[in-house]
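Understanding the architecture of this molecule
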Amino acid sequence: MFKKIGLAVLIIAVSGALVWNYQEAVLEFLERGRDAALDPARRDAARAPSVKKTLYFAGVEEDLLVPYPVEVEIGKNNVDTLRNVLEALIAGPQGEGYAPVIPKGTKLRMTFPGPDGIVYVDFDETLRDAHPGGVWAELMTAYGVAGTVVRNFPDLFDRVVLLIGGQEAQSIAGSLAITGPLRVREELISEEASAPEAGGSPPATPNAAAESDAPVAATGQPPANAVGVPKETLPPVGSSPVDPVGVPQKKPGVGAVGAPGNSR
């Protein structure tokens, strides 16, 4: 009898201790959260570690890529950090003076390194389907991605292969032929970075050239062709082709933007 009573008392004591410790842990957790919310130093320390990077968006005032400083979360490895950088590029600028180079709604499917400093960046089909088209707009997209990747990770990558839906992109939206990995095009980048202005809204199109089919020219860049010019006459971009990734595309060629699917 006394053994049973002693055992019951022991169980009650242990249970009470566990409940008390649990309550103490909950109260301590809530207190830490309150302090972190009120104390900027502790709040910043509670955040995930971040790193300063530079995105390249189309400039509104000039037909060049413009540096846009951001902070992104550090991933568990370099490829994860690169993915965070590209997600920030997809999200677009948050201030005036910049225009996005990736269509809204585009998803980043994956990124993975290849041989000899190449990295593969795979977007979903929204990159093509929602792109406004036009040679200059496609240049801004292709080299906005290439500049963002290579300039932020120069020790790891020097060329970028764009994939759309798992297949190497022959073109982004039909106006510019891509023949291989993309390097940084210095003549397309403005070195004058201006601080992002909060509260601004980006233009609806990447640049003025995307609103019409008028040719656009820039220093060191051949004149752009109008949308819909046959692919054979387009200025190709990229370096030497690499082995294709995924199933080769079976489309006979890239036609005009907006043309029926069976004619592209």
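Now for a look at the structure at hand.

So, how was this worked out
- Residues numbered from 1 in each chain as written.
- Predicted model: local features only at pLDDT ≥ 70, side-chain atom pairs only at ≥ 80, totals over all residues.
- Heavy atoms only, no water.
- Axes fitted to C-alpha atoms, helices over the stretch in contact; angles between N-to-C directions.
- Helix = DSSP H or I, 4+ residues; strand = E, 2+ residues; numbered from the N terminus.
- Left-handed = near helix turned anticlockwise from the far one by under 90°.
- Contact = heavy atoms within 4.5 Å.
- Nonpolar A, V, L, I, M, F, W, Y, C, P; charged D, E, K, R; others polar.
- Pairing = 2+ DSSP bridges.
- Phe/Tyr/Trp six-rings, centres within 6.5 Å; stacked < 30°, edge-to-face > 60°.
- Buried < 20%, exposed > 50% of the residue type's maximum accessible area, 1.4 Å probe, protein only.

1. Some points on the packing of helix 3 (residues 78-91) against helix 5 (residues 135-152)
Contact geometry for helix 3 and helix 5: axes closest at 11 Å, N-to-C directions at 145°. In this structure, helix 3 crosses over helix 5, and the sense of that crossing is right-handed. Contacts between helix 3 and helix 5 pair Leu 82, Val 85, Leu 86 and Leu 89 from the former with Gly 144, Val 145, Thr 148, Val 149 and Asn 152 from the latter. In the contact of helix 3 with helix 5, the residues fall into six nonpolar, three polar and no charged.

2. Some details on the sheet that holds strand 5 (residues 118-123)
Here we have four strands laid out as an open sheet, ordered 4-5-6-7, and mixed in their pairing. Of all the strands in the sheet, just strand 4 (108-113) and strand 7 (167-168) have a single pairing partner and so form its edges. As paired elements, strand 5 and strand 6 (residues 159-164) share six bridges and run parallel to each other. Residue Tyr 120 lies in a different strand from strand 6, and its bridge partner there is Val 161. Across the sheet, helix 3 is in contact with strand 4 and strand 5; its angle to strand 4 comes to roughly 140°. Sitting on the sheet, helix 5 is in contact with strand 5 and strand 6, with an inclination near 130° to strand 6.

3. Quick word on the pairing of strand 4
Of the strand pairs in this sheet, strand 4 and strand 5 are connected by five bridges, and their pairing is antiparallel. Residue pairing for strand 5: Leu 108 is matched across the bridge by Phe 123. Taking the residues between adjacent antiparallel strands as the criterion, strand 4 and strand 5 are bridged by four residues, where Asp 116 takes a positive phi near 55°.

4. Some remarks on the packing of aromatic side chains
A complete count under the given rule lists three aromatic pairs for this structure. Centroid distance Phe 57 to Tyr 68: 5.1 Å. Interplanar angle 85°. Geometry classified as edge-to-face. On the criterion of sequence distance, the pair formed by Phe 57 in strand 1 (residues 50-59) and Tyr 68 in strand 2 (residues 65-73) is long-range, its members being eleven residues apart. Across the pair, Tyr 68 and Phe 57 agree in class, each one buried. With a centroid separation of 5.0 Å and an interplanar angle of 15°, the aromatic rings of Phe 112 and Tyr 120 are classed as stacked.

5. Topic: the sheet that holds strand 1
Strand order in this open sheet of three strands is 2-1-3, and the pairing throughout is antiparallel. Strand pairing shows two members of the sheet lacking a second neighbour, strand 2 and strand 3 (98-99), which therefore form its edges. Looking at chain direction, strand 1 and strand 2 are connected through nine bridges and run antiparallel. Its bridge partner being in strand 2, Tyr 56 is matched across the sheet by Pro 67. Along the sheet, helix 3 makes contact with strand 1 and strand 2, crossing strand 1 at roughly 40°. Those strands touched by helix 5 are strand 1 and strand 2, and its axis lies near 155° from that of strand 1.

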